[in-house]
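Structure at a glance
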Amino acid sequence: MNLSQTKYVSNLLHRTEMFDTKPVKTSDVVGQNLSKFDGNSIEKVTQYQSVVGALQYLTIIRPYIAFVVSKACQFMQQQTSAHWLLVKRILWYLRGTMQDGLLLSPSSHLTIKGLIDVD
């Protein structure tokens, strides 16, 4: 059984107008520590909360983005442009990994393998 959220990711990217953006290879900027004081206040508070909530749902099938999504969740009450940039980076990463999922196959012992499309 292949568990995938391709359609969900596609809908999220269309909703945020980021479907036609260039993908990135990592979901987080390595070594970046965000605080509530980084960046300027943003006006799209409900959009930030909605998108981060949608990203939390994606961590069920994509546990490798859970850490960076949890970083974005820390700023649900007070978002800035720096926090929105982190969310956009996650979306850029998802753009390049839309086909990823989990492959569950019958076995005498439990085995879960990540399904990553590598060209």
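The paragraphs below set out a description of the structure included in this document.

Some words on the packing of aromatic side chains
Within this structure, the stated rule accounts for three aromatic pairs. Between Tyr48 and Trp84 the ring centres are 6.3 Å apart and the planes differ by 55 degrees, which places this aromatic pair in the tilted class. Linking Tyr48 in helix α2 (residues 45-58) with Trp84 in helix α4 (residues 81-96), this pair joins segments that are 36 residues apart in sequence. For Tyr48, a relative accessible area of 0% puts it in the buried group. Pairing Tyr64 with Tyr93 gives two aromatic rings, centres 6.4 Å apart and planes at 80 degrees, and the pair type is edge-to-face. Separated by 29 residues along the polypeptide, Tyr64 in the loop between α2 and α3 (66-73) and Tyr93 in helix α4 bring together distant segments of the chain. Residue placement shows Arg95 over the ring face of Phe19; its charged tip is 4.4 Å from the ring centre.

Parameters at a glance
- Residues numbered from 1 in each chain as written.
- Predicted model: local features only at pLDDT ≥ 70, side-chain atom pairs only at ≥ 80, totals over all residues.
- Heavy atoms only, no water.
- Phe/Tyr/Trp six-rings, centres within 6.5 Å; stacked < 30°, edge-to-face > 60°.
- Helix = DSSP H or I, 4+ residues; strand = E, 2+ residues; numbered from the N terminus.
- Buried < 20%, exposed > 50% of the residue type's maximum accessible area, 1.4 Å probe, protein only.
- Lys NZ or Arg CZ within 6 Å of the ring centre and 35° of its normal.

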